[in-house]
Structures are given as C-alpha cells and as structure tokens.
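Coordinates in review
So you can see what is in the structure, the chains are spelled out below.
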Amino acid sequence: MIVPVLLAAIVALAPAPSTPAPAPAAGAPVSLDLGPGTLYATSDAGAQLTGITLVVSAGTSREPARKNGLAALAAQSLLLSRIDGVSLTDRVTADGGSIDVVVGPSAVRFTIEALPAQMGAVSADIARAFANPAIPVDTVDAARAVVSTEVGQAEQNPTTVGLDMVRGAYYEGGAAHPLLGTAESIAELTSADVSAFIAAHYLRGNAFASATGVIDAGTSAGVRAVLTAFPAGSEAPPAIAVRAIGTDGKRIVTHRDIGVPFVMLGFAAPALGDADFAPMLVLRAILGDITNRADVTTASPIERGFDIVYTYDVKPATFDIAINGALLDPSAGLTIVQAIAHNALTKPFTDDVVKRYKDTARGQWALEALTLDDRAWQVGAAVTEGADPATAETVIAAIDRVTPADLQRVAKRYLQHSIVALVLPRDERQ
Amino acid sequence: MVLGAALASAALTLSSALGSFADAPPLDGTLAGGGTYIVRPISGAPVAAISLWYRASSSGFGPTPVPGLGRLAATAVAASQPITGTPLGTFVSRLGGRMSISAYPESIAISLLVPADRAAVAIQALTRSYFAPVLTDGGLTNARRAVAEESAIRALSPDSAISDDLYASLFASGPAEVPPFPAPAAVGAIAADTVRAYAERAFRPANAVLVLSGEVDPTLVRSALTGREGALPGAESPLPEHTVVPAPVSTTGTENGFGLAWAGPPIADETAATAFDFIADYLFAEGGAVQRTAEAAGTSLDGTFVTYHNPGVFIVTASGGNAAAARAALTTALVALRKPLPPAAFERARRAFVYRLLSHSETADLIADDYGWYAVEGASAYTPGEGGAEGRYLRAVAALTPAYVATTVAAYLDRPGASVTVAAAAPPAATAPRPSASPSPASVPSPAPSPKGTPAR
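Residues numbered from 1 in each chain as written. Chains lettered and ligands numbered in written order. Predicted model: local features only at pLDDT ≥ 70, side-chain atom pairs only at ≥ 80, totals over all residues. Heavy atoms only, no water.

Section: the overall build of chain B
Broken down by element type, chain B carries 14 helices and 14 strands. Counting every position in chain B, which comprises 457 residues, the buried fraction comes to 56%. Considering only intrachain contacts with a sequence separation of at least 6, the fraction spanning at least 24 residues in chain B is 81%. (Helix = DSSP H or I, 4+ residues; strand = E, 2+ residues; numbered from the N terminus. Buried < 20%, exposed > 50% of the residue type's maximum accessible area, 1.4 Å probe, protein only. Contact = heavy atoms within 4.5 Å.)

Written out as structure tokens, the structure reads:
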C-alpha cells in the first residue's frame, strides 16, 4: 500500500556530529555543499511534499543571435526526453511528482515537486534525462510543438506581449529576446542547435538547486544525483546589459487580435539583492493602492485596470505597469501613473504615508511567495544575482528601515523615465 | 553559510525544528458566540489564512431563488463602513493581504490571507464585519458594481454557461439548480432589504465555521469577536436538493462545446466519494489521456467531482476546438472505466492522485479553504490531509481497488445524466473585447489561488 509510506516522518536521521551546526534563522535556507553542486534547503515542519527548483544558467541571455527560442526549446526537449520509451514528464507523474520549466533571461528553472518517499525515483529519472544531451529529432519536434503552442497563447495575452516589448527595448543581446521565442524562430531551430546548446550550457558549474518543504536525506541524495548527471564544467555568469531609458517619450507599438488597447509602462528597477529593493516595494504598494483603490475584494489580474509586474529576478530588473483598456481608458491610466510618479519625485511623502505603505509592503512581501516552488525560486533568484541566499528573509526588516528620503531618491532614480509599449487592436483593414 | 556534507544532516534536522508552527497542536472547538473553529498550523510562508464559512444557500432562503444573493450580500458587508474602523476589504488591503469571497450553491466563504503577525487584528476585523454585519448604502453600491463586474467577466467563459446549464438541467429544485452568480444586469434589481435580510440570517456567529491555518497559534481564536445579541442560535441545515431525469440540452454559444453531469455519491459515502475524486483526477488531470486528446483538439476540458452534501456532482465541461473529438475520447474513457484498471496502471494513477491532492493543499490558504468546505458539508474529519496517512480521506484512498472503482463508476454513471451541447453561433469574434490574463513570467508568483479547483472537492 502506498499511502502510509508517502507521509513518512520528515526528520533527518543522521547521527548528530560532535560540533553542532550554526543555527540558521527561522525560515532561512541552509547551504549544503553536496560535492557536485550546492543545495539551498529550507525545511518546513508540517509539509507533506518536497519542492526543488533546479536553476541552470541557460536562459535567453545565452541564446546566440538569430536563435531566439533555443533556451525554451532545449529545456522543453529535456522534459520530453524519453526514458525507456516514456517521456521524463510522464515518468515523473507516474512516480508521484511533477516537473516543469520556466525560462528567464538569466536562467531556466526546473520546478520539481514530489512525494518525499518518491524523491529517489523522481531524481533518478531526471538524472537519466539530463545525462544525455543528444536529443533526437522527434523529441525536439515534440518539444517544438509544445513551445509553439505556448508562444501562440502568449501572443494572445497583451500582458505577456507588453512585457516582451519592454524587455526587448530595455535589455541588449539574448536577454532582449522574447522568453519563448517566436513562431518563426522556433520553426528554424534544429535538433543540432538544441543538442549544442545543452552541451554548452547544461554544465555542473552552471547549476544549483534550492529546496523547500520536506527536506531529508533523500532530498540531498536526489539533488546530488541530478547535479552529478551534468557534465563537469562551468561558464562565467551571463553579463546582462541594458539600454538607457531615455527622455524622448518614444512609444513602441504592436498590434494583436484584441478588442481594446493595452499599455505597458516599463521602468528600470532594482533587483532582489539591491539596496533600493525595499523602497521600490513601498513605491509598488503606493502605486498599487492608488490605482486599484475602488476594489472591494482583492481583484485577480484579469479584473484590474492596473496590474504591476515586478520582474526582480533579473539584474538589472524591470518594474512594469500594465493598463488594461478593457477596464480603464489607457490615456487616463497613463495620466494617473505619471501624476503619481511626478508627485513622488517632487514632494516628499509624509511620515504617516510612508508608515502606512510600509505596512502594506511588508504584508505584500509576506504573501509574495506561498508555494514550495515560489519560495524555492526566491532563494534561487537571490543566488543567481550573486546575493545572499537568505535575502528574501531580510526584506521585511529592510522595508521597516525605509525613510521618506529613500522613497524620493528611489523614485528619482527609477520612475522618471519609462518605456511605453502599446498593444493595439489589429486594424482589420491591414 | 555553506556547510560541508558531514554537517548537512544535522543542519537539516535543526532547520526542521525552527519556526515549527506545525508543532502547535491542531485544535477544534466552539466559538464564544456559537459556531465552530478549526486551527491547523503549518510552517512555510509567514502568513495566516483565515477563512470564515457559512452554510447558506447562495440564492437565498426564500421560496423564490435570487441568483447571486449570497455573493452580493457578502460583498456588500465587506464594502460597508462598520460602526468603527474601515471597510474590511480596505483594511485587508492596507495590511498587504488578500481577500476573496466565494459563493457556492450551499455555502459562502470569506477568505483572508494576511501576514502572520497581523492575524489577530485580521480575525477581529473579519468577525466584527460578519458576526454583526453592517450594510450601508455606499457599501451596497460598491458591491453591486463589483459583483456585476465579476459576473460580466465570468460570462466571457463558455464553460461557466455550460456549467450553469448542467446544474439547472440536473436539479429540479434546491440550491444547486440556481447559478451562484447573478446575470450582470440583474444585480441592481436585488433589493437592499433582501440583501440585509439575507446577511442577518446567513452571517450569524452560530452558523459560522472559522478556520485558521499557516503560522498561527491556537490562542488566536480568542481574537474572534462574540457576535451580536439577538442572533438566531444554531446552524442552518442543508436544504434538500431534488434531481430529475434530465433531458438533453442544445444551445448556441461563441464556440462549440459540451457538458456532462451526473448526481454522484453524497459526502457521507466517503469511500464512493473518494473513488469519484480519484476518477476525476485520473481522467482530467494534466497529461492524462483524455486531456491530451482535448489539447490536441484545441479544446479546453475540465472535469471534477464536487463533494456536496447530497448528492455530489460529477461534472465535465468542454469548449473550443474540435469538441466532438474530445467528447468521443471522454466517452471511450468512461466506458473503459467500467472495467477494472490493470493493477500497475491503477497504482501509478493512485500515486499521481495522492501527489496532486497534497500539491493542491500545500499552502495555508488552500488548507483553510479545504477545511472550511468539508466542515460546512458536515464532514471535517474527512478533509483531505486531516490526520495524515491515518486520516479518513487518505485511508479511503488507500482502500480503493480497481474493482471497487469500476463498480462505483457503473453504479452512478449508468444513471441518466445531464447533457449540454453547444454549437458555435458565429465565427469566433476576433475583435471582441478580451481581458488580459494573468502573466506568468518567471518572476511573478501566482496570484491568489482560486478557491475552486481542488481535486478532492
């Protein structure tokens, strides 16, 4: 019978060493040198699953020119790698877990979740898939179909279209690419491209893992097995360069099959490990409150006239405000955002206002990452940026220290100029 | 801090012991003003989930159902300025928290997710608002707007219309017959007195189930206010649901689609209800055979077993693409389920089911939501996860056999079910307003999870 085994006790059983380990702060990750790589582990009492984020420095910033979509296609090809005739994703599902991947400019992250007792089987399957970088043509074609479908869905979503536009205007090199590529670029990639990309970047020194939930000896053994499957080697972290956001007020325009205009304002922003990160979170709280003040309950993004997307896992980061023309006149929305930004630049916030929005920002940060995956990702984002793995745990204290002067300084530094991306309904006459 | 491998195990053990809110015992009891409370601490994100559930028909208590009444009343209370303090929604927003209101045929839930160190004030605010509900004209106006917007957005979903048609077809009377959302244009026609009367009766302390989860201490229950004088004692009883032999429904919509629904086992038949949860997961989870056929056909397919008091409902909705192909695949799969699955396939499916079950209840808000649902349905001990592997739900999962599942499928799905077929009335409107969906770039954690969608509900 499976179930009694699945919910076994989670405490590690190894004998205590003669020298006690230093006590980490509650909720802070513990860094474990596993030999082939590092695991940042955060154990949750009461959890019933193990969540692992495997971060590989193989994001879009590693993509060669004219090979947009290669990072996504390579990652998806690994997920569909066949092990004894069954794809990795199906094997993991049958094991009692799940695996997925998210592509970013700096890295790809494989999100793995499993019943603790099944972590051995899950990690063995993943290790087998990652140990073989030569991806057959039919697997790449299957992956291409999946990525192409996702690209098509993203193209229908003005928020993702707008984010891609801001990213394209702000970053240079591969980091400027659409995260999943385009239908055209995906179609041109070959299995040789995929195999070469994996061979070049899926290296042991380019990977690490973070884990949350049930952490036991099986977790570290599983992560060790996966990291060991990567060939030895490493690369320098990708250098992500940006273009200055100018004062010319130039707007980028694209057209999609949507019924109403959609505006995305993209600002430069501090990343997770930056000293300005906490003040920026307070500014986010201010903008979010003023722009969505009339909500009775917490609106989902689909119900918001304004939505804020803070992409802080890339360094340099972006802070994006989406104005949904279905719910708010875009011109009015632009005016509101510009007025708030102007006010923040020219007039210091009072202590009372700052106190109130620090409270809001503290709470929003506490709720920022709830799932095992999101919490593991936060640790991974900090490590990817070269910051302390426990950075996320220090943010609330940093918010408490924010002053009115901090807010004005950060507003001056980041909110003066923005990229304006317009996603407009396609003119049927075109 | 980087530890060598020799220290790793000790560090993990130590880490397990830190911040162990889960070490606090679970606690159940009776609120000072009547009603029940359930406290289930877990560690993880530094949050507290606070859910207040009421057994109350969403369409009201009178002989003439009022679609959306429960949702409107709950929203109006949240939007109203109480005698002291700020409206609940504003209060929660200032804490950086999230608030949602869910209305089901037989229950209403108000759920808060707040930073753990603000749990006490959030419980006070929640119980102040709902144990002695104040409903102002301004609050009602804001609530009408909010509910009309929600209804309008929901109306964009073809699956919602199919679901409403299925329930209306399967039930002759009772709360399940009536959609939980009003038509957007009908919101303004619900009289203020009707809303007030509903709030007075439904939102009574004695009719409440208060659930706390996350980094919560059992003593937080003391933060709940007592309630108001003169409120009726006791909890509402389940209203009877009457099913009929449904006639097939054909309709038109923006795209092709179909829906199927059957009356399933009541929540009291835990073994059969668990079997249906298993079946729904087997058929409709991502990556399953039926789901893959639907995806290939470009069809959005969703299916679940809803564990209502009596009867439960096994419901499938599909829309878009080649819905006929998805329907054919589903029909084949349902026929095949009349025969026991091969043992190895059954064990794989069970393992995947247990994983997904636990994955869908890994956060404090989902846990609180689960307990609230099962508690108002009168079966809190049957909540998935309650008691771990020795709990009633997971023991029921462990006891399932291929033969039992096949027998249960036949027992319920051989009965007449509701059927809705939707034909596309016009080509997809390329220029129709389409609201933005949530982005999911790497850096954007998911928005507040929807209370629906838990596999075992």
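On we go.
Section: the packing of aromatic side chains
This structure, assessed with the given rule, holds 35 aromatic pairs over all chains. Judged by centre distance (5.4 Å) and plane angle (65°), the ring pair of F276(B) and F314(B) falls under edge-to-face. In this pair, F276(B) sits in helix α8 (residues 270-284) while F314(B) sits in strand β13 (residues 312-319), placing the two residues 38 residues apart along the sequence. When sorted by exposure, F276(B) lands in the same class as F314(B), which is buried. Between the aromatic rings of F278(B) and F353(B), the centroid separation amounts to 5.8 Å while the plane-to-plane angle is 80°, which identifies the pairing as edge-to-face. Highlighted residues: F278(B) in helix α8 and F353(B) in helix α11 (residues 343-359), separated in sequence by 75 residues. Of the two residues, F278(B) and F353(B), both sit in the buried class. Pairwise contacts between aromatic rings join F267(A), F277(A), Y310(A), Y312(A), F319(A), W365(A) and W377(A) into one cluster. (Phe/Tyr/Trp six-rings, centres within 6.5 Å; stacked < 30°, edge-to-face > 60°.)

Notes on the side chain of R144(A)
Residue and element names in this part refer to chain A. By secondary structure assignment, the location of R144 is in helix α5 (residues 137-155). Judged by relative accessible area, which is 16%, R144 ranks as buried. Beyond its immediate stretch of four places on either side in the chain, R144 contacts L73, I186, A187 and L189.

Quick word on the domain arrangement of chain A
It is common to report an interface's size as the accessible area lost on association of the parts. Residue and element names in this part refer to chain A. Considered domain by domain, chain A is made up of domain 1 (30-229) and domain 2 (250-425). Once you take the C-alpha centre of each, domain 1 and domain 2 turn out to be 27 Å apart. If you look at the interface, domain 1 gives 30 residues, while domain 2 gives 31 residues. Together domain 1 and domain 2 conceal approximately 2600 Å² of surface at their shared face, both sides included; 70% is due to carbon and sulfur atoms. Area buried by domain 1 at its contact with domain 2 is led by M165, V166 and Y170, which between them contribute 22% of it. At the boundary of domain 1 and domain 2, one finds 3 salt bridges. R375 is the salt-bridge partner of D44, the closest N and O atoms lying 2.7 Å from each other. The interface formed by domain 1 and domain 2 holds 6 residue pairs in polar contact (both at pLDDT 80 or more) in total. The set of elements that each furnish at least two residues to the side of domain 1 that touches domain 2 consists of β2 (38-43), β3 (50-56), β7 (108-114), α6 (158-170) and β8 (207-213). The element that contributes the greatest number of residues to the side of domain 1 that touches domain 2 is α6, accounting for 9 residues. Considered class by class, the residues forming the side of domain 1 that touches domain 2 number 13 nonpolar, 13 polar and 4 charged. (Domains from an automatic or database assignment. Buried area = accessible area lost by both parts, 1.4 Å probe. Salt bridge = Lys/Arg side-chain N within 4 Å of Asp/Glu carboxyl O. Polar contact = N/O pair within 3.5 Å; in protein donor to acceptor, adjacent residues only side chain to side chain. Nonpolar A, V, L, I, M, F, W, Y, C, P; charged D, E, K, R; others polar.)

What about the nonpolar core?
In terms of nonpolar packing, the biggest core is built from 82 residues, with F258(B), F278(B), I279(B), L283(B), F314(B) and L330(B) touching the most fellow members. Ignoring any residue separated from it by four or fewer positions in sequence, one finds F314(B) in contact with L260(B), A261(B), W262(B), F276(B), I279(B), A280(B), L283(B), F284(B), T304(B), F305(B), L334(B) and L413(B). One finds L272(A), F277(A), Y312(A) and A421(A) within the second-largest nonpolar core, a separate group that totals 67 residues. (Core = buried A, V, L, I, M, F, W, Y, C linked by side-chain atoms within 4.5 Å.)

Remarks on helix α2 (residues 69-79) of chain B
Given 3.6 residues to a turn, an α-helix orients residues that are three or four positions apart in the same direction. Residue and element names in this part refer to chain B. Burial analysis of α2 places 11 of its 11 residues in the buried class, the great majority of the element. Where α2 is concerned, the buried positions are L69, G70, R71, L72, A73, A74, T75, A76, V77, A78 and A79. In this structure, the buried residues of α2 make contact with α3 (88-94), β5 (98-104), β6 (107-115), α4 (119-131), α5 (137-155) and α7 (192-202).

So, the pattern of salt bridges
All names here are of chain A. Per the stated rule, a full pass over the model turns up 35 salt bridges over all chains. Here R62 makes a salt bridge to E235, at a shortest N to O gap of 3.7 Å. A residue pair is termed long-range when its members are at least 10 positions apart, and R62 in the loop between β3 and α2 (70-79) and E235 in the loop between α9 (217-229) and β9 (251-256) qualify at 173 residues. Judged by relative accessible area, which is 27%, E235 ranks as partly exposed. Its salt-bridge partner being R426, residue D257 comes within 2.9 Å of it at the nearest N-O pair. Here the residue D257 occupies a position in the loop between β9 and β10 (262-269), and R426 occupies one in the segment after β13 (419-425), the gap between them amounting to 169 residues. Given the relative accessible area of 32%, D257 is considered partly exposed. One network of salt bridges, in which partners are shared, links D84, R91, D125 and R128.

Observations regarding the sheet that holds strand β10 (residues 249-253) of chain B
Residue and element names in this part refer to chain B. Taken in spatial order, the 5 strands of this open sheet run β10-β14-β11-β13-β12, and their pairing is mixed. One side of each edge strand has no neighbouring strand; the edge strands of this open sheet are β10 and β12 (300-306). Each neighbouring strand pair of the sheet contributes to a mean axis angle of 15°, computed without reference to strand direction. The sheet contact formed by β10 and strand β14 (residues 418-424) spans 5 bridges and is parallel. Following the sheet pairing, G253 is matched in β14 by A424. (Pairing = 2+ DSSP bridges. Axes fitted to C-alpha atoms, helices over the stretch in contact; angles between N-to-C directions.)

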